[in-house]
Amino acid sequence: MRHLKLLSVFYRSSIQTDMEYRADFFTRIIASLLGLLMNVGAFSIAFHYAGKIGGWTFPQAMVLLSIYYLMDGLIEMFIAPNMRAVMEHVRQGTLDYILLKPISAQFMSSFRTVNIWRLVNVLVGVGLSFYTITQRGLVIGATEAFMFAVTLACGAVIVYSFWLCLVTLTFWFVKLDNIEQIVWQAFEAGRYPIDVYPIWLKNTLTYVIPVVFIITVPAQALAGKLSMSYLLVSMFVALSTLVGASAFWRFGLKHYTGASA
Amino acid sequence: MNENGLIILDGLQKVYRVHERESGATASIKSLFKRKYKEVHAVESVSFTVEAGEVVGFLGPNGAGKTTTLKMLAGLLHPTGGDATVMGFTPWKRENEFLRNISLVMGNRNQLMWDIPAMDSFVVNRAIYQIPELQFKETLDELVELLDLGAIINKPVRGLSLGERMKCELAAALLHRPRVLFLDEPTLGVDVTMQGRIRQFIAEHNRKYGATVLLTSHYMADVTALCSRIIVIHHGKLLFDGGIADLSQKIAPFKLVRLDLERADLEANLEQYGEVTSRDETKITLRVPKENTSAVVSRILTELPVVDLTVEDPPIEEIIEQVFRGADK
């Protein structure tokens, strides 16, 4: 309850900051639409020559793309700005002000800001999946909607945990600008149907960096192709990465307060 | 050791491991893979006790270990050795109850959000510290009045001057009425008038709420105006702990004799009266041991063509300077 109240205070102040930069809103819209055009174009060309890629049809692949947009928007809106801020705080020494506050440092670091303009990407994702689904005349039942929501949340948790682990490394190395690249490269891999990759890469993306749970699994849930057991696996993976990342964060913080100048 | 102190340090120690970097390309490539470390003793076995309501000045040159000590007391750093308690808490456990009752202001780092007015940062702090609405309003009104913030809290912070920003930083740090206030260079880079304002405000806050203040500053005026007691550290070691008057008694048992002579072309050897610290034409300053002062002054008056003569205590800067020089030897 207290944390919900804090969250609303945090987000309100952060939205106010975003309002100071209105131009960002318009460039975001343009960038999103351009990106969408390119991706849809690339997909339709590929599918023009091959009716199915890795067992996925064009409309199914479009669902995948829409989830990619949706997830990308959610990450850029809620996760990325905070993770970037933590890295900046470590470099500037202002992480101290977070550690001085009588609330969980992980909570404050993870939820301090929201990038409201990235809502554009979220809406593009929602719009695209809505469009693809109605085009195919599909009806999303309550079960699919529920499973989709849960797997999507699990995907976001996995991205957050992965990123938090990488951010924690800055407690030792201070400057790690390329970290964000690692996150995005892994994430990009999830844009295409996982079955198109060779088996070794597919296994890496499933078990080492669980990218499948970020985009493919929610897309399968939306298409009604996901079994209940996979839903449970997804929840289990999300929970364990979260627990692991939080433990690593606490360990890193101990090192930070033990060694920083 | 006094067991009743609000802040108790007992042999507090901090050793950093920093990697040594040699110059040159080969060396820097080598250091990517293998690093040499050396130990830096930032704070070495520092002990002192501060009573509730005291305002203590913490002095020392750059790198003396002041900030490291403050950070340990605020719970931001784990010490390498020794122990400390603040209000009965172990700071580096960072318990919420402890954090709710302290504040650390660092003159060179901001906690306020850059792009929006300070007022919005205050509202965030109210939520974080769970300050009741009424108390928040009361404290804020008071801070606005004392620090003259009326015209500035609703402007984006990025548009404020350094001094205005510092005043807002102070306000943000005091909204939750901390019992212990750590101030690290609170007047850094701020102009003289504003320094005075900030000083006055800190004194006022201490008087009103009985908050205990531990303050570091480069500006001696901050310390002489605010602190009845000073603690001097150098190279991580405690050099002096006591009243400002005691410091000059103990460390600088001399007076400054300032002379204005009739003529500049004097043949007499001035060194026979005392150490000449400055000489500009007819104006001369001598450093004379305290116990000899009256004898030396009467000799000067009979032997030299004096126009004017004054005897004064050396300024605190000079005393501190001497402490550090003595410690370096």
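Cut-offs used in this document
- Each residue is numbered by its place in its chain's sequence as written, counting from 1.
- To read the labels, note that chains go from A and ligands from 1, taken in the order they are written.
- Two thresholds apply to this predicted model, a pLDDT of at least 70 for residue-level local features and 80 or more for giving and counting side-chain atom pairs, whereas whole-chain, interface and lining totals are computed over all residues.
- The side-chain values count all of the structure's non-hydrogen atoms but skip hydrogen atoms and water molecules.
- Any two of the Phe, Tyr and Trp rings considered here, Trp counted by its six-membered ring, make a pair once their centres fall within 6.5 Å; the pair's planes then place it as stacked at under 30 degrees, edge-to-face at over 60, or tilted in between.
- Runs of H or I in DSSP of at least four residues are treated as helices and runs of E of at least two as strands, each being numbered from the N terminus.
- Any residue under 20% of the maximum accessible area for its type is buried, any over 50% is exposed, and the rest in between are partly exposed; the area is computed with a 1.4 Å probe on protein chains only.
- Our definition puts a charge over a ring when NZ of Lys or CZ of Arg is within 6 Å of the ring centre and also within 35 degrees of the ring normal.
- An expected span of 1.5 Å times one less than the residue number is assigned to each helix.
- Contact between two residues is taken to exist if any of their heavy atoms lie within 4.5 Å; hydrogens are not considered.
- Think of it this way: DSSP has to see at least two bridges between two strands before they count as a pair.
- Axis definition: a line fitted to C-alpha atoms, over the contacting stretch in the case of helices. Angles run 0 to 180 degrees between N-to-C directions.
- Accessible area that two parts lose when put together, with a 1.4 Å probe and added across both, is what the buried area reports.
- One speaks of a salt bridge when a side-chain nitrogen belonging to Lys or Arg is within 4 Å of a carboxyl oxygen belonging to Asp or Glu.
- Put simply, a nonpolar core is a bunch of buried Ala, Val, Leu, Ile, Met, Phe, Trp, Tyr and Cys residues held in one set by side-chain atoms that sit within 4.5 Å of each other.
- Each angle is binned into one of four classes, with values under 35 degrees roughly parallel, values over 145 roughly antiparallel, values of 65 to 115 roughly perpendicular, and all other values oblique.
- Two helices cross in a left-handed way if the nearer one is turned anticlockwise from the farther one by less than a right angle. They cross in a right-handed way if the turn is clockwise.
- Under the scheme applied here, ten amino acids are nonpolar (Ala, Val, Leu, Ile, Met, Phe, Trp, Tyr, Cys and Pro), four are charged (Asp, Glu, Lys and Arg), and all others, including Gly, are polar.
- Here the term right-handed applies to a crossover when the path leading from its first strand over the helix to its second strand runs clockwise, the strands being oriented away from the viewer.
- Each domain's extent is set by a domain assignment, obtained either automatically or from a database.

1. Describing the packing of aromatic side chains
Within this structure, the stated rule accounts for 16 aromatic pairs over all chains. Ring geometry for Phe171 of chain A against Tyr256 of chain A: centres 5.3 Å apart, planes inclined by 45 degrees, an arrangement best described as tilted. Here Tyr256 of chain A lies in helix α12 (residues 228–259) and Phe171 of chain A lies in helix α8 (residues 170–173), a separation of 85 residues in the sequence. There is no split in this pair, since Phe171 of chain A and Tyr256 of chain A are both buried. It is Arg126 of chain B that lies over the ring of Phe136 of chain B; its NZ or CZ is 5.0 Å from the centre. Its guanidinium or amino end placed over the ring of Phe254 of chain B, Arg287 of chain B lies 4.4 Å from that ring's centre, counting from NZ or CZ.

2. Describing helix α4 (residues 118–129) of chain B
Between its terminal C-alpha atoms α4 of chain B stretches 16 Å, which fits the 16 Å expected from twelve residues at 1.5 Å a residue. With respect to burial, α4 of chain B is a largely interior element, ten of its twelve residues being buried. Where α4 of chain B is buried, its residues touch α1 (2–19) and α5 (105–111) of chain A together with α3 (96–99), α5 (133–147) and α6 (162–174) of chain B. After α4 of chain B finishes, the residue Gln130 of chain B shows a positive phi value of roughly 50 degrees.

3. Brief notes about the sheet that holds strand β13 (residues 306–312) of chain B
All names here are of chain B. The four strands lie next to each other as β11-β12-β10-β13, forming an open sheet whose pairing is antiparallel. Strand pairing shows two members of the sheet lacking a second neighbour, β11 (275–280) and β13, which therefore form its edges. For this sheet the average axis-to-axis angle between neighbouring strands, irrespective of direction, equals 20 degrees. Where β11 and strand β12 (residues 283–289) come together, five bridges link them in antiparallel fashion. The residue of β12 that forms the bridge with Ser278 is Thr285.

4. Notes on the sheet that holds strand β9 (residues 237–243) of chain B
Within a sheet, each strand pairs with its neighbour through backbone hydrogen bonds, oriented either parallel or antiparallel. Residues and elements named next belong to chain B. Taken in spatial order, the six strands of this open sheet run β5-β6-β7-β3-β8-β9, and their pairing is mixed. Single-partner strands in this sheet number two, and they are β5 (102–106) and β9. In this sheet, neighbouring strand axes are inclined to one another by 15 degrees on average, regardless of whether the strands run parallel or antiparallel. Where β5 meets strand β6 (residues 180–184), five bridges bridge the pair, whose relative direction is parallel. Looking at the pairing, Leu104 lines up with Phe182 of β6. Lying over the sheet, helix α2 (residues 66–73) contacts β3 (55–59), β5, β6, β7 (212–216) and β8 (229–234), oriented at roughly 155 degrees with respect to β6.

5. Regarding the interface of chain A and chain B
Taken together, the 29 residues of chain A in the interface contact 32 residues of chain B. The junction of chain A with chain B conceals about 2,700 Å² of combined surface from both sides, 57% of it contributed by carbon and sulfur atoms. Among the residues of chain A in contact with chain B, Tyr97, Leu100 and Pro102 of chain A are the three that bury the most area, contributing 26% of the side total. For the pair chain A and chain B, the number of links is three salt bridges.

6. Considerations on the nonpolar core
Of all hydrophobic cores here, the largest spans 171 residues; its most connected members are Trp163 of chain A together with Phe122 and Phe182 of chain B. For Trp163 of chain A, the residues in contact, after removing those within four places along its chain, are Ile75, Ile79, Ala80, Met83, Met87, Ile179, Glu180, Val183 and Trp184 of chain A. Counting twelve residues, the second-largest nonpolar core is a separate cluster that includes Tyr273, Val288, Val296 and Val297 of chain B.

7. Regarding the packing of helix α7 (residues 142–168) of chain A against helix α9 (residues 179–189) of chain A
A pair of packed helices is captured by two measures, namely the crossing angle of their axes and the spacing between those axes. Residue and element names in this part refer to chain A. At a minimum axis separation of 10 Å, α7 and α9 run at an interaxial angle of 160 degrees. As the angle between them shows, α7 and α9 are arranged roughly antiparallel. Crossing handedness for the pair α7 and α9: right-handed. Contacts from Phe162, Trp163, Leu166 and Val167 of α7 reach α9 at Ile179, Glu180, Ile182, Val183, Trp184 and Ala186. Of the residues in the contact of α7 with α9, the class split is nine nonpolar, no polar and one charged.

8. Some thoughts on the pairing of β6 of chain B
All names here are of chain B. In terms of burial, β6 is largely enclosed, as five of its five residues are buried. Residues of β6 alternate between two faces, with Val180, Phe182 and Asp184 on one and Leu181 and Leu183 on the opposite face, all of them buried. Pairing of β6 with β7 involves five bridges; the strand directions are parallel. Counterpart to Leu181 in the pairing with β7 is Val213. Crossover β6 to β7 through helix α7 (residues 192–209) is right-handed.

9. Some words on the domain arrangement of chain B
Entries for chain B in the domain assignment read domain 1 (45–248) and domain 2 (253–313). Averaged C-alpha coordinates put domain 1 of chain B and domain 2 of chain B at centres separated by 43 Å.

10. As for unusual backbone geometry
All names here are of chain B. Notably, Met87 is not glycine yet its phi reads approximately 55 degrees, a positive angle. Position of Met87 among the secondary structure elements: in the loop between β4 (81–86) and α3. On the basis of relative accessibility, which here comes to 13%, the residue Met87 falls in the buried class. The phi angle at His235 is positive, at roughly 50 degrees, despite the residue not being glycine.

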